[in-house]
Amino acid sequence: MNTYELTIVIREDLSAQAGKDGKEVARIVKLVTDFAKKTKGEVNKQESWGAKHLAYPIKKLAIGQYEHFVVTLAPSEQSVLDKMLRMDESILRFMFVRV
């Protein structure tokens, strides 16, 4: 089992639309925590860094919602979570770093 830091940038426009405040962010957090539990890993730490201005526009958006995780996963499971996050359209960017 390896420990990874995972930082995700989520589309701010989806979380701010009509009554959806935080629901998209909560869905992404639940996706990561449920995946870790299902694969016998664990989420050691989860922080919400809030909405921040991006250094440059991504998909014509200037603001993103940042979430940061410290997770323990098997190396083979990290690649599976990587593929799951790539397929989610509400995620602008993410980055895994092995600690």
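Our subject is the structure listed above.
Sequence order sets the numbering: in each chain, residues are counted from 1 along the sequence as written. Only residues with pLDDT of at least 70 are given local features in this predicted model, and only at 80 or more are side-chain atom pairs given and counted; all residues enter the totals for whole chains, interfaces and linings. For side-chain calculations, the full set of non-hydrogen atoms in the structure is used, while hydrogens and water are omitted.

Draft legend 1. Main features of the packing of aromatic side chains. Side-chain rings of Phe, Tyr and Trp, where Trp is taken by its six-membered ring, are said to pair if the distance between their centres is within 6.5 Å; with planes under 30 degrees apart they count as stacked, over 60 as edge-to-face, and otherwise as tilted. Tallied over the entire structure, the rule returns 2 aromatic pairs. Pairing Tyr4 with Phe96 gives two aromatic rings, centres 5.9 Å apart and planes at 80°, and the pair type is edge-to-face. Here Tyr4, found in strand S1 (residues 2-11), pairs with Phe96, found in strand S4 (residues 91-98); they are 92 residues apart in sequence, far enough to count as distant. Residue Tyr4 shares its accessibility class with Phe96, and that shared class is buried. Taking the centre distance of 6.3 Å and the plane angle of 85° together, the rings of Phe94 and Phe96 count as edge-to-face. Secondary structure counts use DSSP, requiring at least four H or I residues in a row for a helix and at least two E residues in a row for a strand, with both numbered from the N terminus. Each residue's exposure class comes from its accessible area (1.4 Å probe, protein chains only) as a fraction of the maximum for that residue type: buried when under 20%, exposed when over 50%, partly exposed otherwise.

Draft legend 2. Focus on helix H2 (residues 23-38). A helix's residues, less one, multiplied by 1.5 Å, set its expected span. Over its 16 residues, H2 runs 22 Å from end to end, which matches the ideal 22 Å to within 8%, given 1.5 Å per residue. Those residues of H2 that sit buried are Glu24, Val25, Ile28, Val29, Val32, Thr33, Phe35 and Ala36. Residue Lys40 follows H2 closely and has a positive phi angle near 65°.

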